[in-house]
Amino acid sequence: MAKVIAPVAAASGQAAGATWIYRFEEGSAAMRDLLGGKGAGLAEMTRAGLPVPDGFTITTEACLAFYRNGRALPAGLDQSVRTHMAILERNTHKSFGGREDPLLVSVRSGARVSMPGMMDTILNLGLNDQTVEGLAVLTGNPRFAWDAYRRFVQMFGKVVLSLDGELFEHVISERKRTEGVKNDPEVSAEGWRAVVAAFKSIIERESGTPFPQDVYAQLFRAVEAVFDSWNSKRAIDYRRFNKFPDDWGTAVNVVSMVFGNMGEDSGTGVAFTRNPSTGERALFGEYLTNAQGEDVVAGIRTPMAIAELEQRQPGVYRQFVEIADKLEHRYRDMQDMEFTVERGKLYMLQTRNGKRAAEAAVKIALDMVDEGLISRAEAVRRVDAESLNQLFHARIDPNERFEAVATGINASPGAATGAIALDADTAVAWAKKGRAVVLVREETAPDDVHGMIAAQGVLTAKGGATSHAAVVARGMGKPCVAGCEVLTIDSRARTVTVKGTTLHEGDAITIDGSTGSVILRGLTLIPPPSELPVWLARFLGWADETRRLDVWANADTPEDARRARELGARGIGLCRTEHMFFGEDRLPIVREMILSDTPEARAQALLRLLPFQREDFAGLLEAMAGYTVTIRLLDPPLHEFLPPYEDLLVEMTELRVAHGERDARYLEKRRVLDRVRQLHEQNPMLGFRVCRLGIVYPEIYAMQARAVVEAAAALRGRGVDARPTIMIPGVGNLREMEFTAEHARATIAQTFKDLGVEPFEIQVGTMIELPRACLVADQLAGVAEFFSFGTNDLTQTTLGYSRDDAENSFIPHYLDLKILKEDPFQVLDREGVGALMRIGVERGRNAQAKLKIGICGEHGGDPSSIAFCDALAIDYVSCSPYRVPIARLAAAQAALEHTGKREGADQD
């Protein structure tokens, strides 16, 4: 059959010679982008000779033209649809809108990727007051005909007219009550006739227009509704969560109806060729007799397991098993299939690569390699790296039924449930008594770390995915929901209010850091595995054989380092030493150091801190024996170690009222307040911090460098292969690099001399986190022995966005308005930050050819950013411990992608 060519129309933007519509026999699996997953699947099954109802697909290009045309069908599409409906009438020997033998169709969405339940479907289209009578006579089953009609009118009202579904459900409930029945299949023909009349009255009353009797008016409005559903809120939210582009559009499949609700020899079902939760190689699915597909999805009736079909209709079951096996071998992947049985005859309505849990994805990939269906490289490509996140965190039991009353930023994955604790000390106290707690704060500060350690998870009203709470929680493997702006915390009343519901400190709450959901009660959780499962270790071993990039971890404690090593990290790319200063036994000494008036007094306080730092570094170095541990010298502004200004004012006022201004405690608070005021900055992130601290107060960095040498020397004396390196933060010009590196190396040399040990290599490098550092990388490389891109701050300083505020203020609006495609603090900005990184790599290696370069920002665990790092040919990525498996797989996938591109270029 010749293809129908749409006329050129300026409004549609359609290219000359393009085709709006393809019949199923004209398409193939290779046309997924144009026909959508469902259309491509129907086409491929038709080509394979499987029992598929006749029909055609309106392309995704038509959807995009619909939006360019002001949400109206583009010129020429209506006539093309009419032409293909005429072909469908001839092939089925039915008449669309005809009374004697009416042709009915379904209108179904189908994007290029599976988006289950996100877009709309309409069944039984073509029924009206005339054709329903013809269908009743033709089938000899008036009850079936009127049931089909009420389903169509109900769907049309909900999907096309956007009416409240409860309006229709109420009518059905009243009808069942009137007839004294419990289930829909028990309602009589006359009952459904009455329901249809009520439905039409609802539509006219609520929409202002009667239900359309013209079947082409029904069809065109249904096509428009499916196109419209591409930009429904749920579809947009789903795309954003899965990082699917908005400019793909959806196809529309017009399929001649087959009916599963024609009696006990009819039915409908959904099945997978393998278990999508466990990966088990066995048919998995559900089937409903005397039902249409919507009944399975909607949960109106309880379906039976697919295996029961073997007892009820053994011939149909055998045929379905054969088809399932054929499809899996044809696609070489687990298939998700929809089917209908009409009066004992099987019809296939859909096949697509099935959605699966992370565990199932890995196990299916392993099994298919063992079965000879796919190669190891294909197995590595097939598993979504980000999905591995599911395997290392507690998750909400899928049997739980709950409503999320609020949503914040999904800052650190996993679920946590426990009693609300409104401050860090309370969290610690309750945790010591064995009570599970969730730390709930307006926002966290560094001195909340002990509470975060004690808590099961963290919930904040402010902050984003790179806020303090998020970064620290990810490093600890703790769930975190940040920036939940509807959260109101009353620290004096010790209450939390969410959308009018008030909870008290100690009440149960559940958070899901994977989705950002907040649930105002306790839920049952499924714990993560205690160690890397054998099957996952085998799979990641294949990834390790493939990848070029090394994978390190960001870790601040021996526990984090050990966990990272167990998960496959081969080094520590970032140890944040500031987190070590917040321990209860050392914070007072740190504050004493900050309050010191002279270098001598400061040195005395630092001398007391030295043993703590030495112990901290020794634990990390021993946990990572044989691998590099990169220790970043002190980074944050000093005021972060002092009490908040407002708290000090309140405490001073209370002391003055109670004891007078000569009280020693009052005078001490005033001294601290004066120092806080002195250290106060309008923009502390660009103020007195990073290497500037080490230049103004070189004794701080000297103490840390000495502690590194002493810890490593002691371990090496015991035969432990300790490999420390020292990283200077925030260098922006050559003299900063020279000054700090010279002092660090002088301290290292002096410490070796003081200890009387043979010197061993301790490299001194820098963290590249300023645009200027990228531009003068050739100068810095003359002094630094390695670079590590700190992309959190590099993103902040490049874009001029405050990472602590942007994600809660304008970034969500920028994403909605398409000003940004991705949150740049979660996915690397390749055009801006990436361009600076490229300059830094090129200029750094021009000056020092073998310069080791890594990345230690949060982007080090993001698969898209890892692919960019592989293309830059840097040496390693460093990420949170629990993202190490994700990084291992993403690095392998990046290597395969770049190898494929190189091979393609060679062939060209």
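Residues numbered from 1 in each chain as written. Predicted model: local features only at pLDDT ≥ 70, side-chain atom pairs only at ≥ 80, totals over all residues. Heavy atoms only, no water.

**Here's the deal with the packing of aromatic side chains**
What counts, and what does not: Stacked, tilted and edge-to-face pairs are distinguished by plane angle, under 30 degrees for stacked and over 60 for edge-to-face with tilted covering the rest, among Phe, Tyr and Trp rings (Trp via its six-membered ring) whose centres lie within 6.5 Å. In DSSP terms, a helix is any run of H or I states spanning at least four residues, a strand is any run of E spanning at least two, and both are numbered starting from the N terminus. Each residue is assigned to one of three classes by its accessible area relative to the maximum for its type, calculated with a 1.4 Å probe on protein chains only: buried under 20%, partly exposed between the two thresholds, exposed over 50%. Note on criteria: charge over ring means Lys NZ or Arg CZ within 6 Å of the ring centre, with the direction from the centre no more than 35 degrees off the ring normal.
Tallied over the full model, the rule gives 23 aromatic pairs. Summarising the aromatic geometry, the rings of phenylalanine 272 and phenylalanine 284 are spaced 6.4 Å apart at their centres and angled 55 degrees between planes, so their arrangement reads as tilted. Taken as a pair, phenylalanine 272 in strand S6 (residues 267–272) and phenylalanine 284 in strand S7 (residues 284–289) lie far apart in primary sequence, 12 residues in all. Residue phenylalanine 272 is classed as buried on the basis of its relative accessible area of 15%. The rings of Trp146, Tyr149, Phe152, Phe156 and Phe211 are connected pair by pair, giving a single aromatic cluster. Directly above the ring of tryptophan 192 sits arginine 150, whose terminal nitrogen or CZ lies 4.2 Å from the centroid. The residue whose ring lies beneath arginine 435 is tryptophan 430, and the NZ or CZ to ring-centre distance is 4.3 Å.

**A closer look at the pairing of S6**
Operational definition: Here, any two strands with at least 2 DSSP bridges between them count as paired.
Counting buried residues along S6, five of its six residues qualify, which places the element largely inside the surrounding structure. Relative to S7, S6 is paired through six bridges, and the arrangement is antiparallel. Counterpart to glycine 267 in the pairing with S7 is threonine 289. The pairing of S6 with strand S9 (residues 335–342) spans six bridges and is classified as antiparallel. Residue pairing in the sheet places threonine 268 in a bridge with threonine 340 of S9.

**Things to note about unusual backbone geometry**
Positive phi, close to 60 degrees, is recorded for arginine 494, a residue that is not glycine. Along the chain, arginine 494 falls in the loop between strand S18 (487–490) and strand S19 (495–498). By relative accessible area, arginine 494 is classed as partly exposed at 25%. Within the chain, alanine 873 stands out as a residue other than glycine whose phi angle is a positive 65 degrees.

**Things to note about the pairing of strand S2 (residues 55–58)**
Every second residue of S2 is oriented toward a common face, with Gly55 and Thr57 on one face and Phe56 and Ile58 on the other, all of them buried. Sheet analysis places strand S1 (residues 21–23) next to S2, joined by three bridges and oriented antiparallel. In the sheet register, isoleucine 21 faces S2, and the bridge partner there is isoleucine 58. As defined by bridge partners, S2 adjoins strand S5 (residues 251–256) across four bridges and the pair is classed as antiparallel. Bridge pairing links isoleucine 58 to valine 252 in S5.

**Focus on the pattern of salt bridges**
Heads up, the condition is: Whenever a carboxyl oxygen of Asp or Glu lies within 4 Å of a side-chain nitrogen of Lys or Arg, that contact is scored as a salt bridge.
Within this structure, the stated rule accounts for 63 salt bridges. In this structure, glutamate 710 engages arginine 706 in a salt bridge whose closest nitrogen and oxygen atoms are separated by 3.0 Å. With glutamate 710 and arginine 706 both in helix H25 (residues 698–717), this residue pair falls four residues apart, about one helical turn. For arginine 845, the salt bridge identified is with aspartate 875, shortest N-O distance 2.8 Å.

**Considerations on the side chain of glutamate 578**
What counts here: Throughout, a residue-residue contact means that at least one pair of heavy atoms, one from each residue, lies within 4.5 Å.
Tracing the chain through its elements places glutamate 578 in the loop between strand S25 (572–576) and helix H20 (587–595). Take glutamate 578: its relative accessible area is 7%, and that puts it in the buried class. Those residues within four positions of glutamate 578 in sequence are excluded, and the remaining contacts are Arg632, Leu634, Asp635, Pro636 and Phe641.

**A closer look at empty space enclosed by the protein**
The condition that has to hold: The distinction between a cavity and a pocket rests on a 1 Å grid over the protein atoms alone: a 1.4 Å probe fits inside a cavity but cannot get out, while a pocket stays open yet meets protein on both sides within 12 Å along at least five of seven lines, and a residue with an atom within 4 Å of a point counts as lining. Grid points are joined across faces, edges and corners, and a volume is the space filled by probe spheres set on the points. Amino acid classes used here: Ala, Val, Leu, Ile, Met, Phe, Trp, Tyr, Cys and Pro are nonpolar; Asp, Glu, Lys and Arg are charged; the rest, including Gly, are polar.
A full pass over the atoms with the stated rule returns three cavities of 30 Å³ or more. Within this model, the largest cavity holds a volume of roughly 70 Å³. Lining the largest cavity, in full, are Met685, Leu686, Arg689, Val690, Arg692, Gly730, Glu769, Leu770, Asp793, Gln796 and Thr797. By residue number, the principal contributor to the lining of the largest cavity is helix H29 (residues 791–799), which donates three residues. Its residues assigned to classes, the lining of the largest cavity comprises four nonpolar, three polar and four charged.

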